[in-house]
Amino acid sequence: MNDKQHTIKAPVTVSGIGLHTGVVSNMTFRPAPINHGHKFQRIDLPGKPTVNVDVDNVVDLSRGTTIEQNGARVNTVEHTLAALVGLQIDNVLIELDGPEPPIMDGSSIEFVKALHEAGLQEQNALRNFFEITQGLSYKDDARGVEIAALPLDDYRVTVMVDYNSPVLGSQHASITDLDQFEKEIAPCRTFVFLHELEMLYKQNLIKGGDLNNAIVIVDRVVQDEELTHLSELLQKKKVEVKEEGILNNTELRFKNEPARHKLLDLLGDLALIGRPIKGQILAARPGHAANIAFAKKVKKMIHEATIKNVPTYDPKKKPVMDINQIAATLPHRYPFLLIDKIIHLDETMVMGVKNITMNEPFFQGHFPGNPVLPGVIQIEAMAQTGGILVLNSVENPEDYWTYFLAIDKCRFKRKVIPGDTIIFRCELLAPIKRGIAKMSGQAFVGGRLVMEAEMSASIVKKDA
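Quick caveat: nothing in here was measured; it's all calculated off a predicted structure.

Considerations on the overall build of the protein
Thought 1: Counting its secondary structure elements, the protein contains nine helices and 24 strands.
Thought 2: Residue pairs in contact within the protein that sit at least 24 positions apart in sequence constitute 71% of those at least 6 positions apart.
Thought 3: Counting only carbon and sulfur atoms, one obtains 49% of the accessible surface of the protein, whose full area is about 21,800 Å².

Written as structure tokens, this is what we have:
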């Protein structure tokens, strides 16, 4: 999996009819900045309102996932989102001049092709993974649905479907690496049973449905007069059924294409959590309603973890800035350059790491025989971390100084000793104005808060 965030290099547009609304629309993927996430924008509506890809914005699950916000609704988002998840694209604005993304051929492959045409662009920020740290499950006994998430330092998904049908019985599909998505999952098309077709038409759905954008599974004997009725319903000259039970003799792209499409839907629906996931997802007989209910449980888990406000650090990952890059940005040098790595950096937040060793010079005189990291050193290390955030707001940061102006609400919670690794997190409390930045800062060791403070700093041009 990619460690860095990605967007696309250039805008790209796809056009076509919406599956359920039957409305032709143009959908344009546009590059977006770090931490933008996935957002739709209805450019055909007054004010061009945006709709965040968020499970809390789901308003309808009638044969697809529909989201709504700011008076704007977007139908059937799952195939579009699955393409973004499969290609590990974190930040993109999706402009839409109609109510629904084009259904294309009923899969995600045309979106994948378009995004490749635009080109992927790595961004200088780490992805904000949510790691499943304990088992989480969802169950709907009435529908025989079960979905579970288990801890894993990767993203793997397995789906089982069983429709109790002689044509479409039990099937399994898995993805063990997102690099498999493009060839193994993206081409898999949506499907519907023949007995559902007329009901869906009567419910004012699948207005844009056609035999070239969906697989119709025939799970019973069909008389000639019904085939005639279906040809009129689908506005086709003639429809036929082969023995294997696929309407109009459509050939499957994979023997288990329906199960693979259910996996595609699940990937798209789980994108509404709003963060990339590390974990193993196991789903039996999933559908949009179950997918969204499960996604809400994951989001609740994220909320509870966020309340704890504990950042994580994986020393195996490449940092956003190493010590050489830090030294090229800050003026400080040994023994006063006090941070070793920057592991996260965006427009409003920075996280830095300091490894505490007995070789630090201040341990010789600070509590000899009982080495404790001085509080003033913790504050200075936090200020240097915040300095990286402030300098990130200007071009040519090497041309500026940052000066500490004030500190407030400083509290030391626990002592820090040799062998500890401190994670500093500084976040802007307000946008930087006239060169003045105000930040909240926290320091953690082993997942526990050891120090916190509010700081103000000033950016001054060196030749001023």
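Some remarks on the side chain of Arg 260
Thought 1: Turning to its location among the elements, Arg 260 is positioned in helix 6 (residues 257-270).
Thought 2: Given a relative accessible area of 15%, Arg 260 falls into the buried group.
Thought 3: A polar side-chain atom of Arg 260 sits 2.7 Å from a polar atom in the side chain of Asn 256.
Thought 4: For Arg 260, the contacting residues outside a window of four places in its chain are Ala 173, Glu 184, Ile 185, Cys 188 and Phe 254.

Some words on the pairing of strand 24 (residues 448-461)
Thought 1: In this structure, strand 21 (residues 400-412) lies alongside strand 24, joined through 10 bridges in antiparallel fashion. Its bridge partner being in strand 24, Ile 407 is matched across the sheet by Met 455.
Thought 2: Counting the residues between successive antiparallel strands, the hairpin from strand 23 (residues 436-445) to strand 24 contains two residues, one of them, Gly 446, with a positive phi of roughly 60°.

Things to note about the sheet that holds strand 5 (residues 50-52)
Thought 1: The strand order 2-3-9-4-5 describes an open sheet built from five strands, whose pairing is mixed. The outermost strands of the open sheet, each flanked by one partner alone, are strand 2 (12-17) and strand 5. Taken pair by pair, the neighbouring strands of this sheet meet at an average axis angle of 25°, ignoring direction.
Thought 2: Bridge analysis of strand 4 (residues 38-42) against strand 9 (residues 92-96) gives five bridges, and the strand direction is parallel. For Arg 42, the partnering residue across the bridge sits in strand 9 and is Leu 96.
Thought 3: Each of strand 3 (24-31), strand 4 and strand 9 touches helix 1 (residues 78-86); the most contacted strand, strand 4, lies at about 145° to it.
Thought 4: Most of the contacts of helix 2 (residues 109-118) go to strand 2, to which it runs at about 160°, and overall it touches strand 2 and strand 3.

Section: the environment of Ile 339
Thought 1: Mapped onto the secondary structure, Ile 339 falls in the loop between helix 8 (323-329) and strand 19 (341-345).
Thought 2: Classification of Ile 339 by relative accessible area gives buried; the value is 0%.

A few points about the sheet that holds strand 8 (residues 72-74)
Thought 1: Taken in spatial order, the three strands line up as 6-7-8 in an open sheet, and their pairing is antiparallel. The two strands at the open ends of the sheet, each matched to only one other strand, are strand 6 (58-60) and strand 8. Each strand axis lies, on average, 35° off the axis of its neighbour in the sheet, ignoring direction.
Thought 2: When strand 7 (residues 66-69) meets strand 8, the two strands line up antiparallel, connected through three bridges. Its bridge partner lying in strand 8, Glu 68 is registered against Arg 73.

Let's talk about the nonpolar core
Thought 1: By size, the foremost hydrophobic cluster in this structure holds 66 residues, and its most contacted members are Phe 29, Phe 40, Tyr 155, Val 157, Ile 281 and Phe 294.
Thought 2: The leading source of residues in this core is helix 7 (residues 288-308), at seven residues.
Thought 3: Here Phe 40 is in contact with Met 27, Pro 49, Thr 50, Val 51, Val 53, Ile 67, Val 74, Val 77, Thr 80, Leu 81, Ile 94 and Pro 101, once residues within four sequence places are set aside.
Thought 4: The next biggest cluster of nonpolar side chains, apart from the first, holds 45 residues, and it includes Ile 326, Ile 377, Ala 383 and Val 390.

Re the packing of helix 1 against helix 2
Thought 1: One way to put it is that helix 1 packs onto helix 2 with a least axis distance of 9 Å and a crossing angle of 45°. Here helix 1 is positioned oblique relative to helix 2, judged by the angle of their axes. Here helix 1 runs over helix 2; the crossing is right-handed. Contacts between helix 1 and helix 2 pair His 79, Thr 80, Ala 83 and Leu 84 from the former with Phe 111, Val 112 and Leu 115 from the latter.

Rules used throughout
- Residues numbered from 1 in each chain as written.
- Predicted model: local features only at pLDDT ≥ 70, side-chain atom pairs only at ≥ 80, totals over all residues.
- Heavy atoms only, no water.
- Helix = DSSP H or I, 4+ residues; strand = E, 2+ residues; numbered from the N terminus.
- Contact = heavy atoms within 4.5 Å.
- Areas by Shrake-Rupley, 256 points an atom, 1.4 Å probe, with all protein chains shown as cover.
- Buried < 20%, exposed > 50% of the residue type's maximum accessible area, 1.4 Å probe, protein only.
- Polar contact = N/O pair within 3.5 Å; in protein donor to acceptor, adjacent residues only side chain to side chain.
- Pairing = 2+ DSSP bridges.
- Axes fitted to C-alpha atoms, helices over the stretch in contact; angles between N-to-C directions.
- Core = buried A, V, L, I, M, F, W, Y, C linked by side-chain atoms within 4.5 Å.
- Parallel < 35°, antiparallel > 145°, perpendicular 65-115°, else oblique.
- Left-handed = near helix turned anticlockwise from the far one by under 90°.

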